[in-house]
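# Coordinate analysis (summary)
Take a look at the letters that make up each chain.
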Amino acid sequence: MTIHGPVFSAMLQEFDGAARLLNLESGIWKILTHPKRQITVSCPVLMDNGEIEVFTGYRVQYNITLGPAKGGIRYHPDVTLDEVTALAAWMTWKCAVAHIPFGGGKGGIICDPTRMSRRELEALTRRYVAEIIDAIGPEKDVPAPDVNTNDQVMAWIMDTYSMHVGHTETAVVTGKPLELGGSLGRKEATGRGVMIATREAATHLGFDIKGARIAIQGFGNVGSMSARLLQEAGATIVAITDWKGGVYNASGLDLAALSEYVRQHNTVAGFPQAEALTNDQLFALEVDVLVPAALENQITMENAPSIRAKVIVEGANGPTRPDAHMHLHERGIMVVPDILANSGGVTTSYFEWVQNRYGYFWTEQEVNDRLEHKMCEAFNAVLKTATKFNVDLRTAAYMVAIDRVAAVTRVRGMYA
Ligand code: NAD
């Protein structure tokens, strides 16, 4: 199985650098750079206008050495097998860095959910699940929400799977509604992980999170939760941008008022108690911490030279271009990489799966305490490797991940 797409190639580039430093033997190298399984399915759906449409869906299980595949399902017109495979590989490394017993998977359907009715989306979801049903399950592959999918889509997946196996099976999917076996703390989990990673990075660099000045790109799930929790930890959030514009207040934004404004206007732009600012102005602010929490490829060689933050904490997946990352590293700006910084989400998905299989649910405090422990453990493992090999945190995170998956691959041996 050979993959030649640009997104998978980008993943391979990051992998190769870390694997070389680990002196990874060529056999394991080959195994870890090939997806275990790629599934392509056609999903016919009777649309509301009476016509039948056929949608293409993918599920990729990149590596299941550490446990069941784990990763979201996205609904988007631009979904490709190349992208889904790369995302499944990144999930493999993210789960390994987080030190949770999951492999990496990802799914996607080529569709435009903004042009589909709720009934059409439900029909598409159920047919997709029916098409991949033999490949998923609590011990095999556990999907989750991703771009344009949410807890309702997860509920449909759980119900369809349960109907097929003949009993209620909550652990087949995470990110479910609370009443269906979702976990307390899941909604805040990625933001909480970003807050913990920021706090640990600040401590390492010798400044206190209390009083630190922070700018955040994106005010969706990750951006808004990170902002709230960082503020609760004592930081001052001075700037936030979103799809339509941005806001800046040198003495700190009133997040409660801003959230209420966003609820009414669907954007932070125009919030009265602040000045307007653009993404480029946000990146150039003299702050302690910059949190890109919106989209991929936002920090480029166009704007990286103007960045003055001491540390960048990647809430989003892939927000920094490789050349910009190199530039920041050379200037001594620390970048806490996505596979570490935003792993709080998948770690809490793991907690949801554990609670479902246990049939016993934890309090929100228990979830948060366990996340705190896992995030600190992951951060310290990456920092230790970075120090030992004198490399940046992204390379170190890959090294930790690859080393863990390679070690288990060696012990399990070759079945042939
Ligand atoms: P979301 O859709 O809830 O929020 C995205 C935010 O980005 C919105 O506020 C949107 O207005 C803003 N945005 C869009 N275009 C922008 C632009 N050009 N400039 C500035 N802001 C812009 O998404 P999310 O769940 O918060 O995810 C954000 C990122 O974090 C994605 O890369 C996602 O893959 C990653 N991530 C999310 C989770 C999670 O648990 N939700 C976990 C891990 C990683």
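The residue count restarts for each chain, going from 1 along the sequence in the order it is written. Thresholds applied to this predicted model are a pLDDT of at least 70 for local features of residues and 80 or more for the giving and counting of side-chain atom pairs; totals over whole chains, interfaces and linings are not thresholded and use all residues. In computing side-chain properties, one takes all heavy atoms of the structure into account and sets aside hydrogens as well as water.

## What to know about the overall build of the protein
- A tally of regular secondary structure across the protein gives 14 helices and 12 strands.
- The globule rule used here is 2.2 Å times the number of residues to the 0.38 power, and the radius of gyration it is set against is calculated over C-alpha atoms. The C-alpha radius of gyration computed for the protein amounts to 21 Å, which stays within 12% of the reference 22 Å derived for 416 residues, consistent with globular compactness.
- Dimensions of the protein, computed from the C-alpha atoms along their principal axes, are close to 55 × 55 × 40 Å.
- Partly exposed residues are those whose accessible area sits between 20% and 50% of the maximum for their type, while under 20% is buried and over 50% is exposed, using a 1.4 Å probe and protein chains only. For the protein, the residues scored as buried account for 57% of the 416 residues in total.
- Note on contacts: a residue pair is in contact if any heavy atoms of the two residues lie within 4.5 Å. Counting contacts in the protein only where the partners sit at least 6 residues apart, residues at least 24 apart contribute 67% of the total.
- Only the protein chains shown count as cover for residues, with accessible areas throughout obtained via the Shrake-Rupley method and a probe of 1.4 Å. With an accessible surface of roughly 17,800 Å², the protein has 51% of that area assigned to carbon and sulfur atoms.
- Residues scored as charged are limited to Lys and Arg (positive) and Asp and Glu (negative), so that His and the chain ends carry no count. Charge placement uses NZ in Lys and CZ in Arg. For Asp and Glu, CG and CD serve respectively. In the protein, which carries 38 positive and 46 negative side-chain charges, the distance between the mean positions of the two groups comes to 5 Å. Each helix is a run of H or I in the DSSP string that is no shorter than four residues. Each strand is a run of E no shorter than two, and both are numbered from the N terminus.

## Structural notes on the nonpolar core
- One finds W93, I240 and V336 to be the most contacted residues of the largest nonpolar core, which totals 90 residues.
- When residues of this core are sorted by domain, at least three fall in each of domain 1 (34-180) and domain 2 (187-341).
- Nonpolar core, defined: a set of buried Ala, Val, Leu, Ile, Met, Phe, Trp, Tyr and Cys residues in which side-chain atoms within 4.5 Å join the residues together. Grouped together as the second largest cluster of nonpolar side chains are 27 residues, I109, C111, A135 and Y161 included. An automatic or database domain assignment is the source of the domain bounds shown.

## Some words on the pairing of strand β4 (residues 103-110)
- Buried residues dominate β4, accounting for 7 of its 8 residues.
- In the sheet, strand β3 (residues 69-76) pairs with β4 via 6 bridges, with the strands oriented parallel. Bridge pairing in β4 places Y75 opposite I109.
- Handedness of a crossover: with both strands directed away from the viewer, a clockwise path from the first strand across the helix to the second marks it as right-handed. Running through helix α3 (residues 81-98), the crossover from β3 to the neighbouring parallel element β4 is right-handed. Strand pairing is assigned whenever DSSP identifies at least 2 bridges connecting the two strands.

## Focus on the site of the ligand
- One heavy atom within 4 Å of a molecule or strand is enough for the residue carrying it to be called near that molecule or strand. What surrounds the ligand is a group of 19 residues, the closest being T190, F219, V222, N279 and N317.
- G220 has a polar backbone atom sitting 3.1 Å from an oxygen atom of the ligand.
- Contact with the protein chains removes 70% of the 840 Å² of surface that the ligand exposes when unbound.
- Counting only elements with at least two residues in the shell around the ligand, the list comes to α6 (186-205), α7 (221-232) and β7 (236-242).
- Here the residues of the shell around the ligand sort into 7 nonpolar, 10 polar and 2 charged. Pairing of N or O atoms within 3.5 Å defines a polar contact, subject to two protein rules: one partner must be a possible hydrogen donor and the other a possible acceptor, and residues neighboring in sequence count only if both atoms are side-chain atoms. Each residue is assigned to one class: nonpolar for Ala, Val, Leu, Ile, Met, Phe, Trp, Tyr, Cys and Pro, charged for Asp, Glu, Lys and Arg, and polar for all the others, Gly among them.

## Overview of the environment of L229
- In this structure, L229 sits in helix α7.
- For L229, a relative accessible area of 2% corresponds to the buried category.
- Expressed as a C-alpha distance, the spacing of L229 and M195, which sit 34 residues apart in the sequence, is 6.3 Å.
- Excluding residues that lie within four positions of it along the chain, L229 makes contacts with E188, G191, R192 and M195.

## Considerations on the sheet that holds strand β8 (residues 245-248)
- Strand order in the open sheet formed by 7 strands is β9-β8-β7-β6-β10-β11-β12, and the pairing between neighbours is mixed. Taken across any chain shown, the strands that pair with only one partner, and hence form the sheet edges, are β9 (275-276) and β12 (334-336).
- Inspection of the sheet shows β8 paired to β9 by 2 bridges, in the antiparallel sense. By the bridge assignment, Y248 is partnered in β9 with E275.
- Every axis corresponds to a line fitted to the C-alpha atoms, with the helix fit spanning only the stretch in contact, and the corresponding angles, defined between N-to-C directions, vary from 0 to 180 degrees. Along the sheet face, α7 touches β6 (213-217), β7 and β10 (289-292) and points at about 170 degrees away from the line of β6.

## Some details on the packing of helix α12 (residues 344-358) against helix α13 (residues 364-389)
- Between α12 and α13, whose axes approach to 10 Å, the crossing angle comes to 130 degrees. Considering the angle they form, α12 stands oblique to α13. Relative to α13, the crossing made by α12 is right-handed. Contact with α12, carried on its side by G344, T347, T348, F351 and Q355, involves V367, R370, L371, K374 and M375 of α13 and no other residues of that element. Throughout this description, any angle smaller than 35 degrees is read as roughly parallel, any larger than 145 degrees as roughly antiparallel, any in the 65 to 115 degree range as roughly perpendicular, and the remainder as oblique. It is the rotation of the near helix from the far one that decides the hand of a crossing: anticlockwise by less than a right angle makes it left-handed, clockwise makes it right-handed.

## What to know about the packing of helix α1 (residues 6-21) against helix α14 (residues 393-412)
- Where α1 contacts α14, the axes come no closer than 9 Å and their chain directions differ by 70 degrees. The orientation of α1 with respect to α14, classified from their angle, is roughly perpendicular. Mapping the contact onto sequence places E14, F15, A18, A19 and L21 in α1 and R394, T395, Y398, M399 and I402 in α14.
- Within the contact of α1 with α14, the residues separate by chemical class into 7 nonpolar, 1 polar and 2 charged.

## Regarding the pairing of β6
- The buried fraction of β6 amounts to 4 of the 5 residues, a majority that puts the element mostly inside the structure.
- Of the pairings in the sheet, the one linking β6 to β7 comprises 5 bridges and is parallel in character. Among the inter-strand pairings, I214 is bridged to a residue of β7, identified as I237.
- For the segment spanning β6, α7 and β7, crossover handedness is right-handed.
- Of the pairings in the sheet, the one linking β6 to β10 comprises 4 bridges and is parallel in character. By the bridge assignment for β10, A215 is matched with L290.

## What to know about a positive patch on the surface
- Each patch is assembled from residues with relative accessible area greater than 30% and no salt bridge, linking like charges that lie within 9 Å and nonpolar side chains (Val, Leu, Ile, Met, Phe, Trp, Tyr) that lie within 5 Å. Here, a salt bridge means any side-chain nitrogen of Lys or Arg that lies within 4 Å of a carboxyl oxygen of Asp or Glu. Among the surface-exposed residues, K36, R37, K140 and R412 lie close enough to one another that they form a single positively charged patch.
- Inspection of the secondary structure assignment puts R412 in helix α14.
- Taking relative accessible area as the criterion, R412 reaches 59% and is therefore assigned exposed.

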